[in-house]
Amino acid sequence: MAVLAPKKPSTPIIHPRLQTHKEDLSLKNLSDEAVAGHIYSKHRDDDTIKIDVDNYISFLQSVFSNVQQINEASSQGHEGRVIYSEDPYKSNVTTIDPPVDILQKVSIKLAFKSPGIEKAHQTTLEILDILIMYPWEAKAILCLAAFGSDYGLLWHLNHHSLFDPLAKSLANIHHSTSLKKHLDSFSYRQVVFSSRSLIYLCFEIIKLMNQIRLFSKYDSKEIPELASALRQIPLFTYWVIHAIVASSTEISSYLADTENQSPTYLNELNERLNAILNTLGDFLNIFREQLEEINLYRWLIDHIDQFPTEITLVVSKLLEGKANAKPLINCSTFNEERIEDALREKNVILLISSGLSISNDDVRALNLVYEELKREDNYKIVWIPVMNSQAFDEESHKRYEYLRSTMKWYAVQYGTKIAGLRFLEEIWQLRDDALMVVLDSKSKLKFSNAIHLLRVWGNNAIPFTLERANALLRKNWPESTIVKFTNQPRLQSWIDQGKTILFYGGKDIDWIQKFEEKVVDIKNDRSMRDNGITFEIVPVGINKTTTKGEDNNSNMSRFWITQWGFFIIKSQLTGSSASETTEDILRLISYENENGWAILAVGSAPLVVARGNLVLGVFEDLNAWKKNLNLKGFPNSFKDYFDELASRTHQCEKVILPGFSGWIPMIVNCPECPRFMETGINFNCCHGRD
């Protein structure tokens, strides 16, 4: 955020015909770096002596309001007959206990200085020295209080001089009557008596600086821009006091009938203060938005899974931060439906996607779930695409409409900026992948991310609860994650019979062909036939019509996503290194980019999960271990020789965890040894999330 450059150049309020040829040192020569150097050579953010800035603001508001009424009466020829309006700040004035000695010292510094930037700069630094023990906002408000007291006194004496002899005598001594001659001048209005005057801008800046200081009670992590704003407060304080000094010098020139300040100088000061005001306003707008986000974040934490809260309120607050969010779109009827009508007293499945990144496979699977759930009508599904403001373009709109057309459930309207984004990212851990959260009608969490249940078991995972997940995990993982990717109609019968089955697959068609030829030779080996030993071979994710140059990327992509899904669900419920199951499936996952891999199973229970080259090596060395077939049988003879062969080789395992949403294991044991796998760290930040 720019510190001092105004968004729009403020219009000078000195009338062009009153511009003179007097030249003064430009403010451009007094850089922020130079000012900061002067400030920080002696000053720090000191708060040894604190004052109630709010009460001083009320006091000055009262002073300037009353002076304004006197000014207006004088300009209209109604001197001495002001009827004061009700002063809303009157009640606070009596609570001020000003440091009289400090104000007196500041008043002396403000009084009757020669005009010019250099003198104003010097005087500003002297005033900062006087106020060194006060916080920055207090420095600014005390300086303005000193100015306001002197300025208010002048007009008070002038106002009562017509009827009060003492006031008349004092007014003559202070030359306060001279001010009346300047009421209609552009230069006077530039300093005071105008909503665009220097003093008015100083007053507004102090108010905003004080508001920013109130945000200091929040964690800087929650309001990231706060530190930047607070760092600039000393510089802003300098310019406020500098402008007060320049304004006081201008008032003194009216009283003493001496040379005025340079119009160029005052115009530049006006621009500088307007720029500061814009910067502070921008900061406060950001802070208020972030405060709304903080309050919503805490509300969602309190009301989701903590205290029974109607699901309709939680969904509305999650979407838009308020109780009455925009209606949902029923993708089956294309009609809009109020959240209160659509979701009341229903269990809700929230399908949350990062942008429009959601696969057709997930949509198809969830459509099947929808068809089954609608029979009893106690579950509703809502798609929530989380998009940043820059993504709302025509192309994205078309993509959104296409995705919505493939769905049968509810969808959030296009263009909705999700208010609860921080909650989604930090508590439910939304990342690149889709997130599927299951809540009951009172917003109790039933499953934090059921997308993996959907991908592995589809409709069999209904109703997506912890109990159902544990029941599904009792089966051996090949039966849940591999069988569906084969085309062998007798496979389930072989599993039920407890036959030995060799599953295999890979990326290299040549390797697969070589592997199949070798395995067929082994099956036909005389020693195998003589001993009545047989096993079945089942390709995984391979279309037999596939030729070299073709691939099964789509099918195998689903296959690997299914393996990951099972691993994550198992890890969530039992720990990432709690069983052979997680080790076996992680071992398989690590072979995703290998030319080939194989699983030897008895029924659906895996015995060996290995790289293809090792399995091929075992078959090629059949003569070295077939003597054990009669004694140990085929599965155990194979495994023993495989273990021996594997011990002679070494290859580091590598697993790249995709950007799944929800909980994922951060510590994973190597599937080949008991050590923890090394973890790489990547840092990435999108400031403001856009």
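Residues numbered from 1 in each chain as written. Predicted model: local features only at pLDDT ≥ 70, side-chain atom pairs only at ≥ 80, totals over all residues. Heavy atoms only, no water.

## Describing the overall build of the protein
Next, step 1: Of regular secondary structure, the protein possesses 27 helices and 11 strands.
Next, step 2: As displayed, the protein has an accessible area near 33400 Å², and 49% of this comes from carbon and sulfur atoms. (Helix = DSSP H or I, 4+ residues; strand = E, 2+ residues; numbered from the N terminus. Areas by Shrake-Rupley, 256 points an atom, 1.4 Å probe, with all protein chains shown as cover.)

## Looking at the sheet that holds strand β1 (residues 328–330)
Next, step 1: Ordered by their spatial adjacency, seven strands build an open sheet running β2-β1-β5-β4-β3-β6-β7, and the pairing between neighbours is mixed. Every other strand in the sheet has two partners, leaving β2 (336–337) and β7 (445–447) as the edge strands with one partner each.
Next, step 2: Sheet topology note: the strand β4 (residues 379–386)/strand β5 (residues 410–411) ladder contains two bridges and is parallel. Directly across from Val382, in β5, lies its bridge partner Tyr410.
Next, step 3: Lying over the sheet, helix α15 (residues 394–405) contacts β1, β4 and β5, oriented at roughly 165 degrees with respect to β4. (Pairing = 2+ DSSP bridges. Contact = heavy atoms within 4.5 Å. Axes fitted to C-alpha atoms, helices over the stretch in contact; angles between N-to-C directions.)

## Observations regarding the pairing of strand β10 (residues 597–602)
Here is the key point about a regular strand: its side chains alternate between the two faces of the sheet.
Next, step 1: For β10, the buried fraction is high: five of the six residues fall into the buried class.
Next, step 2: Sheet analysis places strand β8 (residues 500–505) next to β10, joined by six bridges and oriented antiparallel. Residue pairing across strands places Thr500 opposite Val602, the latter belonging to β10.
Next, step 3: In the sheet, β10 pairs with strand β11 (residues 605–611) via six bridges, with the strands oriented antiparallel. Paired with Ala601 across the two strands is Pro606, which belongs to β11. (Buried < 20%, exposed > 50% of the residue type's maximum accessible area, 1.4 Å probe, protein only.)

## Comments concerning the sheet that holds β8
Next, step 1: What the four strands build is an open sheet, ordered β9-β8-β10-β11; its pairing is mixed. In this open sheet, the two strands that pair with only one neighbour each are β9 (536–539) and β11. Neighbour-to-neighbour, the strand axes of the sheet open up by a mean angle of 20 degrees, direction not taken into account.
Next, step 2: On top of the sheet, helix α21 (residues 509–523) reaches β8, β9 and β10; it is set at about 160 degrees to β8, its chief contact.
Next, step 3: Together, β8, β10 and β11 form the strand contacts of helix α27 (residues 629–647), whose direction differs from that of β11 by roughly 35 degrees.

## Describing the pairing of β11
Next, step 1: For β11, the buried fraction is high: five of the seven residues fall into the buried class.
Next, step 2: In sequence, β10 turns back onto β11 through a hairpin of two residues, with Gly603 there showing a positive phi of about 65 degrees.

## Things to note about the pattern of salt bridges
Next, step 1: A full pass over the atoms with the stated rule returns 27 salt bridges.
Next, step 2: With a closest N to O distance of 3.5 Å, Lys326 and Glu320 form a salt bridge.
Next, step 3: Glu426 serves as the salt-bridge partner of Arg422, at 3.1 Å between the closest nitrogen and oxygen. In this pair, Arg422 and Glu426 both sit in helix α16 (residues 421–426), four residues apart, roughly one turn of the helix.
Next, step 4: The exposure class assigned to Glu426 is partly exposed, which follows from its relative accessible area of 41%.
Next, step 5: Connected through salt bridges with shared partners, the residues Glu222, Arg298, Arg422 and Glu426 form a single ionic network. (Salt bridge = Lys/Arg side-chain N within 4 Å of Asp/Glu carboxyl O.)

## Details of the packing of α21 against helix α25 (residues 612–620)
Next, step 1: As a packed pair, α21 and α25 sit with axes 10 Å apart at the nearest point and diverge in direction by 30 degrees. Accordingly, the angle class assigned to the pair α21 and α25 is roughly parallel. Crossing of α21 over α25 shows left-handed handedness. Between α21, through Trp511, Lys514, Phe515, Lys518, Val519 and Ile522, and α25, the contact on the second element is made entirely by Gly612, Asn613, Val615, Leu616, Phe619 and Glu620.
Next, step 2: Partitioning the contact of α21 with α25 into residue classes produces seven nonpolar, two polar and three charged. (Parallel < 35°, antiparallel > 145°, perpendicular 65-115°, else oblique. Left-handed = near helix turned anticlockwise from the far one by under 90°. Nonpolar A, V, L, I, M, F, W, Y, C, P; charged D, E, K, R; others polar.)

## Quick notes on the side chain of Asp440
Next, step 1: Its location among the elements puts Asp440 in the loop between β6 (435–439) and β7.
Next, step 2: The buried charged residue Asp440 lacks any salt bridge, with Lys446 as its nearest oppositely charged partner at 6.4 Å.
Next, step 3: Engagement of the side chain of Asp440 in a polar contact is seen with the backbone nitrogen of Lys442, the distance being 2.9 Å.
Next, step 4: Of the polar contacts made by the side chain of Asp440, one reaches the backbone nitrogen of Lys444; its length is 2.8 Å. (Lys, Arg positive; Asp, Glu negative; His and termini not counted. Polar contact = N/O pair within 3.5 Å; in protein donor to acceptor, adjacent residues only side chain to side chain.)

## Things to note about α27
Next, step 1: Compared with an ideal rise of 1.5 Å per residue, which puts 19 residues at 27 Å, α27 spans 21 Å between its outermost C-alpha atoms and falls more than 12% short.
Next, step 2: At Pro635, α27 shows its largest bend, some 80 degrees.
Next, step 3: Listed in full, the buried residues belonging to α27 are Leu629, Phe634, Pro635, Ser637, Phe638, Tyr641, Phe642 and Leu645. (Expected span 1.5 Å × (residues − 1). Bend = angle between axes of the 7 residues up to and from the residue.)

## Notes on the packing of aromatic side chains
Next, step 1: Following the criterion strictly, the structure yields 24 aromatic pairs and no others.
Next, step 2: Plain terms: the ring middles of Phe535 and Phe634 are 4.6 Å apart, the flat faces sit at 5 degrees to each other, and that makes the pair stacked. Placement of Phe535 in the loop between α22 (526–530) and β9 and of Phe634 in helix α27 is noted, with a sequence separation of 99 residues between them.
Next, step 3: Among the aromatic side chains, those forming a connected cluster through ring pairs are Tyr504, Trp511, Phe515, Phe535, Phe619, Trp625, Phe634 and Phe638.
Next, step 4: If you follow Lys317 out to its NZ or CZ, it ends over the ring of Trp299, 4.8 Å from the centre.
Next, step 5: The ring centre of Tyr297 lies 3.8 Å from the NZ or CZ of Arg422, which sits over that ring. (Phe/Tyr/Trp six-rings, centres within 6.5 Å; stacked < 30°, edge-to-face > 60°. Lys NZ or Arg CZ within 6 Å of the ring centre and 35° of its normal.)

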